[in-house]
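The residues making up each chain are set out below.
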Amino acid sequence: MRFWPRLMKFSIITPTKNNLPKLKRCIGSVRGQNHSDVEHIIQDSCSQDGTPQWLADQTDIRWFSEHDSGMYDAINRGWGRSDGDVLSWLNSDEQYLPGTLERVADFFEMHPSVDFVYGDALVVKEDGSLIAARREIRLSSAYIANSFLNAFSCTTFFRRRLRERGLLVLDSQYKYAADMDLILRLLAAGKHYAKIPCYMGVFTLDGSNLSCHPEMLEETKEIQIRHRGFRSPLMRRLFTTGRYIERLFRGSYHKVNITYRFAVDEVPRYRDISGRRIPGSYRTR
């Protein structure tokens, strides 16, 4: 008798509050994946825009509407309710590109020692028009602790074993940059990561993102010091320069022509969006 390997299950957590139009597109991008074993858990923070009422009609989604202490607390709650082999989170203003979950599952199957993966991301406006095509370099504790995190959450996936060992927990005392703290802790613990060299997620930049919040910089500095980043602006600048040189050497700044599929609703229906000479960098301010 021949036994086929069990299909890897994904548990995707989406924290949301009063963001129903974007949430529908986010859910559509998950429904549009060609991987069949997916658990999508929506952690709604008591929205008043009709989100709970709409979710009540979505039979393929697990959802909870309850008070939380912020986005990262909501994600932790969702992970605590999940049972997938691969855990991730996808914010309600983000999307997975078609085929992403299948690529991640295939990669994890082929590389059993890898604990988490990340990929490249498209940065877009609210209508899906392209701002930047981020082609990321390696994750470096020295770079991250002295500048910023270069892995988008919409392209990052973790094995459940990290959760079982108490490592995959976001520090909810942070409100803007707990993902930076998480990646630095995983790197410090010697966990193995890999980069999947393709565009995997869509990050919407509309000015309301946590990365645009004025308190983001102060929280980032606190995390940098916690993880032995330099206090000296000059030393931090040296690492920022090193990162710039490495990205330049790797071709991350080359302008590219791109066509991608943007989910416009929960069905999902897609719109093909193209851009010419899209840069590899962008500014949040």
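For the structure, see preceding data.
Owing to the predicted nature of the structure, the values given are computational and were not obtained by experimental measurement.

Rules used throughout
Residues numbered from 1 in each chain as written. Predicted model: local features only at pLDDT ≥ 70, side-chain atom pairs only at ≥ 80, totals over all residues. Heavy atoms only, no water. Helix = DSSP H or I, 4+ residues; strand = E, 2+ residues; numbered from the N terminus. Rg over C-alpha atoms; globule rule 2.2 N^0.38 Å. Buried < 20%, exposed > 50% of the residue type's maximum accessible area, 1.4 Å probe, protein only. Contact = heavy atoms within 4.5 Å. Areas by Shrake-Rupley, 256 points an atom, 1.4 Å probe, with all protein chains shown as cover. Lys, Arg positive; Asp, Glu negative; His and termini not counted. Charge placed at Lys NZ, Arg CZ, Asp CG, Glu CD. Salt bridge = Lys/Arg side-chain N within 4 Å of Asp/Glu carboxyl O. Right-handed = clockwise from strand over helix to strand, strands pointing away. Pairing = 2+ DSSP bridges. Core = buried A, V, L, I, M, F, W, Y, C linked by side-chain atoms within 4.5 Å. Polar contact = N/O pair within 3.5 Å; in protein donor to acceptor, adjacent residues only side chain to side chain. Phe/Tyr/Trp six-rings, centres within 6.5 Å; stacked < 30°, edge-to-face > 60°. Lys NZ or Arg CZ within 6 Å of the ring centre and 35° of its normal.

Trainee: Just to check I follow, could you spell out the overall build of the protein chain for this structure?
Mentor: Scanning the protein chain from N- to C-terminus turns up nine helices and eleven strands. A globule of 285 residues ought to have a C-alpha radius of gyration of about 19 Å, and the protein chain, at 18 Å, matches this closely. Projected onto its principal axes, the C-alpha positions of the protein chain cover 55 × 45 × 45 Å. Taken across its 285 residues, the protein chain has 54% of its residues classed as buried. Considering only intrachain contacts with a sequence separation of at least 6, the fraction spanning at least 24 residues in the protein chain is 76%. For the protein chain, the exposed surface amounts to about 13600 Å²; the carbon and sulfur share of it is 51%. Where the 42 positive side-chain charges of the protein chain centre and where its 34 negative ones centre are 7 Å apart.

Trainee: Just checking my understanding: could you explain the pattern of salt bridges for this structure?
Mentor: If charged atoms from side chains of opposite charge come close, those side chains can pair. If you walk through the whole model with that rule in mind, you get 17 salt bridges. Here Asp120 makes a salt bridge to Lys195, at a shortest N to O gap of 2.9 Å. Taken together, the residues Asp120 in strand E6 (residues 116–124) and Lys195 in strand E9 (residues 193–204) connect sequence positions 75 residues apart. Judged by its relative accessible area of 23%, Lys195 falls in the partly exposed class. The partner of Arg261 in a salt bridge is Asp272, with the nearest N and O atoms 3.3 Å apart. Of this pair, Arg261 sits in strand E10 (residues 256–263) while Asp272 is found in strand E11 (residues 270–278), placing the two residues eleven residues apart along the sequence. With a relative accessible area of 41%, Arg261 lands in the partly exposed category. A network of salt bridges, in which partner residues are shared, links Glu66, Asp73, Arg77 and Arg81.

Trainee: Explain the pairing of strand E1 (residues 10–16) here, please?
Mentor: Sheet faces and side chains relate simply in a regular strand, where the side chains alternate between the two faces. Among the seven residues in E1, seven count as buried, and that is most of the element. Here E1 shows two buried faces, one formed by Phe10, Ile12, Thr14 and Thr16 and the other by Ser11, Ile13 and Pro15. For the crossover from E1 across helix H1 (residues 20–31) to strand E2 (residues 38–44), the handedness is right-handed. Across four bridges, E1 lies against strand E4 (residues 86–89) in parallel orientation. Paired with Ile13 across the two strands is Trp89, which belongs to E4.

Trainee: Teacher, can you tell me more about helix H3 (residues 71–81) here?
Mentor: In an α-helix there are 3.6 residues to a turn, and that puts residues three or four apart on one side. Along H3, the residues classified as buried are Tyr72, Asp73, Ala74, Ile75, Asn76, Gly78 and Trp79. On its buried face, H3 is in contact with E1, E2, E4, strand E8 (157–159), helix H6 (160–164) and helix H7 (178–188).

Trainee: Can you help me understand the nonpolar core in this one?
Mentor: Among soluble globular proteins, nonpolar side chains are generally buried collectively. Formed by 30 residues in total, the largest nonpolar core has its most connected members in Trp79, Trp89 and Phe158. Contributing elements (two or more residues each) for this core: H3, E4, E6, helix H5 (141–146), H7 and helix H8 (216–226). Apart from residues no more than four positions distant in its own chain, Trp89 is found in contact with Ile13, Tyr72, Ile75, Trp79, Tyr96, Ser153, Cys154, Phe158, Leu170, Asp179 and Leu182. Among the nonpolar cores identified, the runner-up in size contains 27 residues, and Ala105, Phe108, Val117 and Ala132 belong to it.

Trainee: Looking at this structure, I do not really get the side chain of His35. What am I missing?
Mentor: Relative to the helices and strands, His35 resides in the loop between H1 and E2. Residue His35 is classed as buried on the basis of its relative accessible area, which comes to 9%. Within the structure, His35 has its side chain in polar contact with the backbone oxygen of Met8 (distance 2.5 Å). Each residue touching His35, except ones within four places of it in the same chain, is listed here: Leu7, Met8, Phe10, Leu101, Glu102 and Ala105.

Trainee: When you look at the packing of aromatic side chains in this model, what are you seeing that I'm missing?
Mentor: Each aromatic ring pair is characterised by the separation of its centres together with the angle its planes make. Under the counting rule described, the total for this entry stands at eleven aromatic pairs. Here the aromatic residues Trp79, Trp89, Phe116, Tyr118, Phe158 and Tyr193 are joined through ring pairs into a cluster of three or more. It is Arg81 that lies over the ring of Phe64; its NZ or CZ is 3.8 Å from the centre. A cation over an aromatic ring shows up here: Arg243 above the ring of Phe148, its NZ or CZ 4.1 Å from the ring centre.

Trainee: Honestly, unusual backbone geometry in this entry has me stumped. Any pointers?
Mentor: Both trends apply: most residues other than glycine have a negative phi, and most peptide bonds are in trans. Cis rather than trans, the peptide bond between Val267 and Pro268 has omega equal to 10 degrees. Considering the arrangement of structural elements, one finds Pro268 in the loop between E10 and E11. Phi is positive for Cys46, which is not a glycine, with a value near 55 degrees. Topologically, Cys46 is positioned in the loop between E2 and helix H2 (51–55). Judged by relative accessible area, which is 23%, Cys46 ranks as partly exposed. A positive phi is found at Arg228, a non-glycine position, where the angle reads about 70 degrees. Assignment of secondary structure puts Arg228 in the loop between H8 and helix H9 (233–249).

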